[in-house]
Amino acid sequence: MSAPMPTGVHYHQRSRELALTYDINGESQSFRLGAEMLRVYSPSAEVRGHSPEQAVLQTGMKYVGLKNITPVGNYALKLHFDDGHDSGLYTYAYLWEMIENRELWWDDYLHELKKANASREPLGIPLQRH
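Please read all numbers here as calculations on a predicted model, not as lab measurements.

What follows concerns helix 3 (residues 92-115). At asparagine 101, helix 3 is bent by approximately 75°, the largest bend along its length. Among the residues of helix 3, those classed as buried are Tyr92, Tyr94, Leu95, Trp96, Met98, Ile99, Trp105, Tyr109 and Leu113. Those residues of helix 3 that are buried lie in contact with strand 2 (17-24), strand 3 (27-34), helix 1 (35-40), helix 2 (45-48), strand 5 (76-81) and strand 6 (89-91). Directly beyond the C-terminal end of helix 3, a positive phi value near 55° is found at asparagine 117.

So, in structure tokens, the structure goes:
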């Protein structure tokens, strides 16, 4: 199936999850992606680099949240994270790929953290950003 366009986008602030609703074969289906996953798999060059060797493992993102969501045309969302990160466009195709692979990608992320002896926990005391 090619990537569908979401019919609804809603951010759940308490759970820090982005809910994406799709019309699939005439049925409304909703999927959630955590802000932490969205942040660590940001499509930005800052995170992914310009090649796989340049990718930067994102650490300390356990409590990251979204401040704002901006639609970009009919093809993407720009996510504004509360840690200041807001580069990279989350195309609808990329979001759908993330939904389809979320368990695998999450397991890969946890494996990479362990390999790097890094943590999801931020250094120091997390500050609430408004």
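Moving on, we come to the pairing of strand 1 (residues 8-12). Here strand 1 runs beside strand 2; their pairing, made up of 5 bridges, is antiparallel. What sits directly across from valine 9, in strand 2, is leucine 20. If you look at the hairpin formed by strand 1 and strand 2, you'll find 4 residues sitting between the two strands, and arginine 16 has a positive phi there, around 55°.

Tallying each qualifying case throughout the model produces 8 aromatic pairs. Between tyrosine 90 and tyrosine 94, the ring centres sit 6.2 Å apart and the planes meet at 50°, which makes this aromatic pair tilted. Comparing tyrosine 90 with tyrosine 94 shows no difference in burial state: the two are buried. Each member of the aromatic cluster is reached from another via a ring pair, and the members are Tyr41, Phe81, Tyr90, Tyr94 and Trp105.

With respect to topology, 3 strands assemble into an open sheet ordered 1-2-3, the strand pairing being antiparallel. At either margin of the open sheet sits one strand with a lone partner, and together these are strand 1 and strand 3. Across the sheet, the mean angle separating the axes of adjacent strands is 25° when strand polarity is ignored. In this sheet, strand 3 lies alongside strand 2 in antiparallel orientation, the contact comprising 8 bridges. Across the sheet, residue tyrosine 22 finds its bridge partner in strand 3, namely glutamine 29. Packing against the sheet, helix 3 makes contact with strand 2 and strand 3, and its axis sits at approximately 80° to strand 3.

Rules and cut-offs
Residues numbered from 1 in each chain as written. Predicted model: local features only at pLDDT ≥ 70, side-chain atom pairs only at ≥ 80, totals over all residues. Heavy atoms only, no water. Bend = angle between axes of the 7 residues up to and from the residue. Helix = DSSP H or I, 4+ residues; strand = E, 2+ residues; numbered from the N terminus. Buried < 20%, exposed > 50% of the residue type's maximum accessible area, 1.4 Å probe, protein only. Contact = heavy atoms within 4.5 Å. Pairing = 2+ DSSP bridges. Phe/Tyr/Trp six-rings, centres within 6.5 Å; stacked < 30°, edge-to-face > 60°. Axes fitted to C-alpha atoms, helices over the stretch in contact; angles between N-to-C directions.

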